[in-house]
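This is what each chain is made of:
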Amino acid sequence: ETGVTQTPRHLVMGMTNKKSLKCEQHLGHNAMYWYKQSAKKPLELMFVYSLEERVENNSVPSRFSPECPNSSHLFLHLHTLQPEDSALYLCASSQVEGSKTQYFGPGTRLLVL
Amino acid sequence: AQKITQTQPGMFVQEKEAVTLDCTYDTSDQSYGLFWYKQPSSGEMIFLIYQGSYDEQNATEGRYSLNFQKARKSANLVISASQLGDSAMYFCAMRRMDSSYKLIFGSGTRLLVRP
């Protein structure tokens, strides 16, 4: 089992749809992250969960709703998205101590029509 | 505010040669960490190497080494004996060594290895 997995890998949705992105880590980490990567922009940190508590929320619109039911799973619930939300969404995990080196999943490529 | 600058949008290297990817950073913190990631066209961000600001030796991981020059605030990645599979985007990133979890990423350098 690879370290960090994400499903689905590709998603096309309309602006009125509701969908969820799933992330699972098998590294025994206790912090998890959501990032957004748009074309020609640096990675943007969206949310951080540490020990299952949200510790960072970087001015993300409310149409993105994270959920961390346990230290191994992270979800990003999507509703009424806009075309500009089309991007690669990357999940990562790390330990809460030390260097906090983040290990990333393969990402979900999202297209909002 | 922290900032990472990667001035090379694209680089070419001949297979089996070494290549240096530049990274400079700006921070007023004394304690921080520097990271390099590789992103192939598949999208996954692959962790390559880490350097702590108080580490006296430059970090090395296999064919990757980090040329850390603290006074110049640079953290260049050196890839030795380039392989075709090294063709990818490379991102430099930094994190404050406090309670923050936030990684600040540069804009990346696209490396193309020629056969």
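Counting starts from 1 at the beginning of each chain's written sequence and moves along it residue by residue. Key to labels: chains lettered from A, ligands numbered from 1, both in the order written. Per-residue local features of the predicted model are confined to residues with pLDDT of at least 70, and side-chain atom pairs are confined, for both listing and counting, to 80 or more; whole-chain, interface and lining totals are unaffected and use all residues. Note: side-chain values were computed over all heavy atoms of the structure, leaving out hydrogens and water.

Draft legend 1. Quick peek at the overall build of chain B. Only DSSP runs of H or I reaching four residues or more are called helices, and only runs of E reaching two or more are called strands; each is numbered from the N terminus. When you go through chain B residue by residue, the secondary structure sums to 0 helices and 12 strands. Listing each helix as α and each strand as β along chain B from the N terminus yields β-β-β-β-β-β-β-β-β-β-β-β. Viewed in the frame of its principal axes, chain B has a C-alpha envelope of about 45 × 30 × 20 Å. Partly exposed describes any residue whose relative accessible area lies between the buried limit of under 20% and the exposed limit of over 50%, with all areas from a 1.4 Å probe on protein chains only and scaled to the type maximum. With 115 residues in all, chain B has 46% of them scored as buried. Whether two residues are in contact is decided by their heavy atoms, any of which lying within 4.5 Å being enough. For chain B, contacts bridging at least 24 residues in sequence account for 55% of all contacts bridging at least 6. Residue burial considers only the protein chains on display, and all accessible areas are found by Shrake-Rupley using a 1.4 Å probe. Roughly 5600 Å² of accessible area belongs to chain B as shown, and the carbon and sulfur atoms make up 47% of that amount.

Draft legend 2. Quick look at the interface of chain A and chain B. Chain A puts 26 residues into the contact, and the matching count from chain B is 21 residues. Buried area counts how much accessible surface, traced with a 1.4 Å probe, disappears from two parts once they are put together, with both parts' losses summed. Here chain A and chain B share an interface that buries about 1800 Å² over both sides, 57% of which is from carbon and sulfur atoms. The largest contributions to the chain A side of the interface with chain B come from A:Ser99, A:Lys100 and A:Phe104, which together make up 26% of the buried area. Definition of a polar contact: a pair of N or O atoms within 3.5 Å, with one able to donate and the other able to accept a hydrogen when the atoms are protein atoms, and with sequence-neighbouring residues admitted only if both atoms are side-chain atoms. Counting across the chain A and chain B interface gives 6 residue pairs in polar contact (both at pLDDT 80 or more). For the side of chain A that touches chain B, the leading source of residues is strand β4 (residues 31–37) of chain A, giving 4 residues.

Draft legend 3. Expanded view of the pairing of β4(A). All names here are of chain A. The element β4 is largely enclosed, with a buried count of 7 among its 7 residues. At least two bridges found by DSSP between two strands is the condition for calling them paired. Looking at chain direction, β4 and strand β5 (residues 44–50) are connected through 6 bridges and run antiparallel. Across the sheet, Tyr35 pairs through a bridge with Leu45, a residue of β5. Adjacent in sequence and paired antiparallel, β4 and β5 are bridged by 6 residues, among which Lys40 carries a positive phi angle near 65 degrees. As paired strands, β4 and strand β9 (residues 87–94) are joined by 7 bridges and run antiparallel to one another. Among the inter-strand pairings, Tyr33 is bridged to a residue of β9, identified as Ala92.

Draft legend 4. Representation of a nonpolar patch on the surface. All names here are of chain A. There is a patch of nonpolar side chains on the surface, built from Val12, Leu111 and Leu113 and spanning about 290 Å² of accessible area. Structurally, Leu111 can be placed in strand β11 (residues 108–112). For Leu111, a relative accessible area of 41% corresponds to the partly exposed category. Patch building starts from residues that exceed 30% relative accessible area and form no salt bridge, then joins like charges within 9 Å and nonpolar side chains (Val, Leu, Ile, Met, Phe, Trp, Tyr) within 5 Å. Within this document, salt bridges are pairs made up of a side-chain nitrogen of Lys or Arg and a carboxyl oxygen of Asp or Glu, the two lying within 4 Å of each other.

Draft legend 5. Molecular detail of the confidence of the model for chain A. On a scale of 0 to 100, pLDDT captures the predictor's confidence in every residue. Overall, the predicted model of chain A reaches an average pLDDT of 92, with 99% of residues at or above 70. Averaged over each element, pLDDT in chain A is lowest for strand β6 (residues 53–57) of chain A (83) and highest for strand β3 (residues 18–25) of chain A (97).

Draft legend 6. Expanded view of the side chain of B:Ser82. Its location among the elements puts B:Ser82 in the loop between β9 (74–79) and β10 (88–96). Non-local contacts of B:Ser82, meaning those with residues more than four positions away in its chain, are made with B:Val13, B:Gln14, B:Glu15, B:Lys16, B:Glu17, B:Val19, B:Arg63 and B:Val113.

Draft legend 7. Spatial organisation of the sheet that holds strand β8 (residues 73–79) of chain A. Residues and elements named next belong to chain A. Pairing within the open sheet is antiparallel, and its 4 strands lie in the order β1-β3-β8-β7. Among the strands making up the open sheet, the edge pair consists of β1 (4–7) and β7 (64–70). Taking each pair of neighbouring strands and ignoring which way they run, the sheet shows an average axis angle of 20 degrees. Here 4 bridges tie β1 to β3, and the two strands are oriented antiparallel to one another. When the bridges of β3 are listed, Thr5 appears paired with Glu24. Between the N-to-C directions of two axes lies an angle of 0 to 180 degrees, each axis being a line fitted to C-alpha atoms and, for a helix, fitted only over the stretch in contact.

Draft legend 8. Molecular detail of the pairing of β3(A). Of the strand pairs in this sheet, β3(A) and β8(A) are connected by 7 bridges, and their pairing is antiparallel. Across the sheet, residue A:Cys23 finds its bridge partner in β8(A), namely A:Leu74.

Draft legend 9. Main features of the nonpolar core. By nonpolar core we mean a set of buried residues, namely Ala, Val, Leu, Ile, Met, Phe, Trp, Tyr and Cys, connected to one another through side-chain atoms within 4.5 Å. Core analysis: the largest hydrophobic core is formed by 25 residues, its most contacted members being B:Tyr25, B:Trp36, B:Ile49, B:Leu77, B:Tyr90 and B:Leu111. With 4 residues, β10(B) is the largest single contributor of residues to this core. Membership of the second largest hydrophobic core comes to 22 residues, among which are A:Leu11, A:Met32, A:Met46 and A:Leu74.

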